[in-house]
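Examination of the molecular architecture
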Amino acid sequence: MGLLLPGTTALAQTKTAAPTATNASIEQRVAALLAQMTLEEKVGQLNQYSGREVTGPASDRKNTLLTSISSGKVGSMLNVKGVKDTREIQAEALKSRLKIPLLFSLDVIHGYQTTFPIPLGEAASWDLDAIRLGAHVAAKEAAASGIHWTFAPMVDIGRDPRWGRVMEGAGEDTYLGSLIAKARVLGFQGEKLGGTDAVLACAKHFAAYGAPIGGRDYNAVDLSPQQLWETYLPPFKAAADAGVATFMNSFNALNGIPATGNSYLQRDILKGQWQYPGFVVSDWASIAELVNWGYATDKKEAAQQAITAGSDMDMESDTYSQNLAQLVKDGKVKMDLVDDAVRRILHKKFELGLFEDPYRFSDEKREKQVLADPQNRAAARQMAQKSMVLLKNEKATLPLTKQLRSIALIGPIAKAKRDLNGSWTVDTDTTRITSLYDGLRQRAGKTTQLLYAKGCAVEGDSRAGFDQAVATAQKADIVVMAVGEGWNMSGEAKSRTDIHLPGVQEELFKALRATGKPVAVVVFGGRPLIFDAIADQADAVLFAWWPGSEGGTALADVLYGDYNPAGKLPITFPRNVGQIPIAYNQQYNTGRPLIKVSETRYRSAYIDAPATPRYAFGHGLSYTSFKYSDFKISRSQLKAGETVQVSFTLTNTGKVIGEEIAQLYLRDPVASVVRPLKELKDFRKISLKPGESKTITFPIDKDKLAFYNSKLEWVAEPGKFNLMVGSASDDIRLEGTVDLLP
Ligand code: GLC
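These remarks concern the structure in this document. Worth saying up front: this structure is predicted, and the values here are computed from it rather than measured. (Residues numbered from 1 in each chain as written. Predicted model: local features only at pLDDT ≥ 70, side-chain atom pairs only at ≥ 80, totals over all residues. Heavy atoms only, no water.)

**Here's the deal with the sheet that holds strand β26 (residues 731-740)**
This is how it is decided: For two strands to count as paired, DSSP must find a minimum of two bridges between them. Counting from the N terminus, the helices are the DSSP runs of H or I reaching at least four residues and the strands are the DSSP runs of E reaching at least two.
Strand order across the open sheet formed by five strands is β18-β26-β25-β20-β21, with mixed pairing between neighbours. At either end of the open sheet lies a strand with only one pairing partner, and these are β18 (637-638) and β21 (679-688). In the sheet, strand β20 (residues 658-667) pairs with strand β25 (residues 719-728) via five bridges, with the strands oriented antiparallel. Paired with Tyr665 across the strands is Met724, a residue of β25.

**Re the packing of helix α1 (residues 26-34) against helix α15 (residues 335-351)**
Where we set the bar: A fitted line through C-alpha atoms represents every axis, and for helices the fit uses only the stretch in contact; the resulting angles, taken between N-to-C directions, go from 0 to 180 degrees. Any angle that is under 35 degrees is reported as roughly parallel, and any over 145 degrees as roughly antiparallel; angles of 65 to 115 degrees are reported as roughly perpendicular and all others as oblique. Less than a right angle of anticlockwise turn of the near helix away from the far helix marks a crossing as left-handed, whereas a clockwise turn marks it as right-handed. Contacts were defined at the residue level, with two residues in contact if any of their heavy atoms lie within 4.5 Å. Side-chain classes follow a simple rule in which Ala, Val, Leu, Ile, Met, Phe, Trp, Tyr, Cys and Pro form the nonpolar group, Asp, Glu, Lys and Arg form the charged group, and the remainder, Gly included, forms the polar group.
Packing of α1 against α15 brings their axes to within 9 Å, and their N-to-C directions diverge by 125°. By the angle between their directions, the pair α1 and α15 is classed as oblique. Of the two possible hands of crossing, α1 and α15 adopt the one that is right-handed. Residues Ile26, Glu27, Arg29, Val30, Leu33 and Leu34 of α1 form the contact with α15, whose own contacting residues are Asp339, Val342, Arg343, Leu346, His347, Phe350 and Glu351. When grouped by side-chain class, the residues that make up the contact of α1 with α15 number seven nonpolar, one polar and five charged.

**Section: the layout of surface pockets**
The method is simple in principle: a probe with the dimensions of a water molecule rolls over the atoms, and the space it marks as empty is what remains. Rules: Cavity and pocket criteria rest on a 1 Å grid covering protein atoms alone: a 1.4 Å probe that fits but cannot get out defines a cavity, protein on both sides within 12 Å along at least 5 of 7 lines defines an open pocket, and an atom within 4 Å of a point defines a lining residue. Grid points are joined across faces, edges and corners, and a volume is the space filled by probe spheres set on the points. Residue ranges assigned to each domain were obtained from an automatic or database domain assignment.
A volume near 990 Å³ is recorded for the largest pocket. Taken together, 37 residues form the lining of the largest pocket, with Gln587, Tyr588, Ala611, Thr612 and Leu677 sitting closest to its centre. Among the residues making up the lining of the largest pocket, the classes are represented as 19 nonpolar, eleven polar and seven charged. The wall of the second largest pocket is formed by 32 residues, among which Thr174, Glu230, Pro234, Lys681 and Trp714 lie closest to the centre. Within the residue set of the lining of the second largest pocket, elements represented by two or more residues are α8 (174-189), α9 (225-232), α10 (234-241), β21 and β23 (707-708). For the lining of the second largest pocket, the leading source of residues is α9, giving five residues. When its residues are assigned to classes, the lining of the second largest pocket shows 17 nonpolar, six polar and nine charged. Two domains each donate at least three residues to the lining of the second largest pocket, and these are domain 1 (10-367) and domain 3 (624-740).

**Brief notes about the packing of helix α20 (residues 466-474) against helix α21 (residues 505-513)**
In contact at an axis separation of 9 Å, α20 and α21 are set at 40° when each is read in the N-to-C sense. Relative to α21, the element α20 lies oblique. Here α20 and α21 pass one another in a crossing that is right-handed. Of α21, the residues touching α20 (which contributes Phe466, Ala469, Val470 and Ala473) are Glu507, Leu508, Ala511 and Leu512. Residue composition of the contact of α20 with α21, grouped by class: seven nonpolar, no polar and one charged.

Shown next, in the form of structure tokens:
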């Protein structure tokens, strides 16, 4: 049986070959197992394949993959889910000589069976506990269904709404994005790996995938070192510091070097400077794609570049399986590199307890019980409520009241179900999704008649349904529209050059507006959208993102005021695509600041549109109102190592209970590198009853004042700093200054 550590016993035939955990540490058990492995078995652990070929329709099944699995040539499978299939495939792996269990992975991005709002929508809640709970529920359900590892959280900073994958992240701000990265990792993994209610998380896509040239997915990225370190790396570092088990690299090239072959990213920064102990999986076929990039001559060179650069596992490209062993034999790749990759992967399999029981995540009874837990949908409903952003609400059009005799619900997403789960959803069973129509019909009860007309499709130019929609509107006291993107219009490979509301939906709005009835519009989508007529002429606008399984119920809660909306935009909504990039923290004073809109000549402005966004980062209204007062800074000067307290009083000046997300922004007006006009440095989400006041305090220390200078040093330079508190990045209510002394 080869080398077994003292105190460990040979395992019964059905168990794996690794020594059992008596007093041996995981490191010792990994070493003992590694010492038994042949080169081919080691390379086997570095391969991951998609399940379609082994659990898909018979036409897709390839017995070659099953044979590879049972001969120890596969380390992980993705897209195999459910207790039945994972048990079946795991049994194949345990036929191999060393019986090393497989890792089963899946894109559990915003829920497994219970679908939560898309991550960008969750980010709009600014509610870290709720975000963590959402990830925990997703992990619980996935882990009960045989899944060991999710390819989430996606922590790419996304500032460009042309890029369809902004829907998967936490928006444009690094401070908020870093806190959310940590919350999601802890939600997926729990405090310690090994529980069957937790999965390995995966910080992706490393790195700077969210900044493709032209907003076009998979494109090259050109970034200054300051931008890389100040904007795009911190959420990955936050995930690593939170103990994220794995990283996934990215499809893009960064400053000319594809991430998959980028030693600076994966060796120097991640595994070097950050001392990261986990493993890196490539993105789908990204190792083989080094050839397409023109970085590798062929797959053999790609394999050598990727393993050398720190890509431990090859997802779906067959590059390692075909080339790595020979590269080692030819002396072109050191065995140490292969051993390091194998060690990192085996370590996670030991941490999950898979060597004790390879089937411990695949328990039929637990799967049924966990997936049926009503707490899961209750959590999804609460998160959906928290994610929605009230963009506009004039004449107190919302909330809807019981006095309404009839509501006309009109639009292509009014009865939609699949669209509410958005893209990157695991569950597409529409019997488990409540539409806006379902939610309103249930909430409106007997007192209010709910009329309905589709009006038009999401896409296409047919106006055939307009007349019926207008006639329906004319019968009602109020119109509630349901418009937006279809579920497959944001997400991977969904870049758009035009982010207007698709089809003729805005024309439908204009026709309904012409009836003179009050119109409240619910907009669904996976990204910032442009809807000028609605923004200008609707009485109320609520952005619902893709709200998930409980979307319709949560929308009824918000529209009827059972839940007072408190969401704030985690990403800027531009007026037009020409303004992009327009993230709030990419705005500088410039040498020719635009002081008066009337004087655009020789000023940093556009001659054909304002430079301000349609809706700013941090924007979001409530059914109540809040007053900010009594701004104080504990000391006007600050030395290194000291902390000053910024405090103010927040009062609910309205008639209903509500939550406010008070934001703290900073500006360094004079520095060795010009600094943005505003940077988010803290926030508090506070619930207040009508008339209630609370004092809020933000601590400011030197680290909050720091940035990367031109030598890439993290410095806070002496001088004056502007501190601003407000309800949005364009709604500053109080401000003051503090001096950092040398
Ligand atoms: C995709 C995505 C990545 C995902 C992987 C597996 O191409 O880029 O985010 O986790 O493949 O589905």
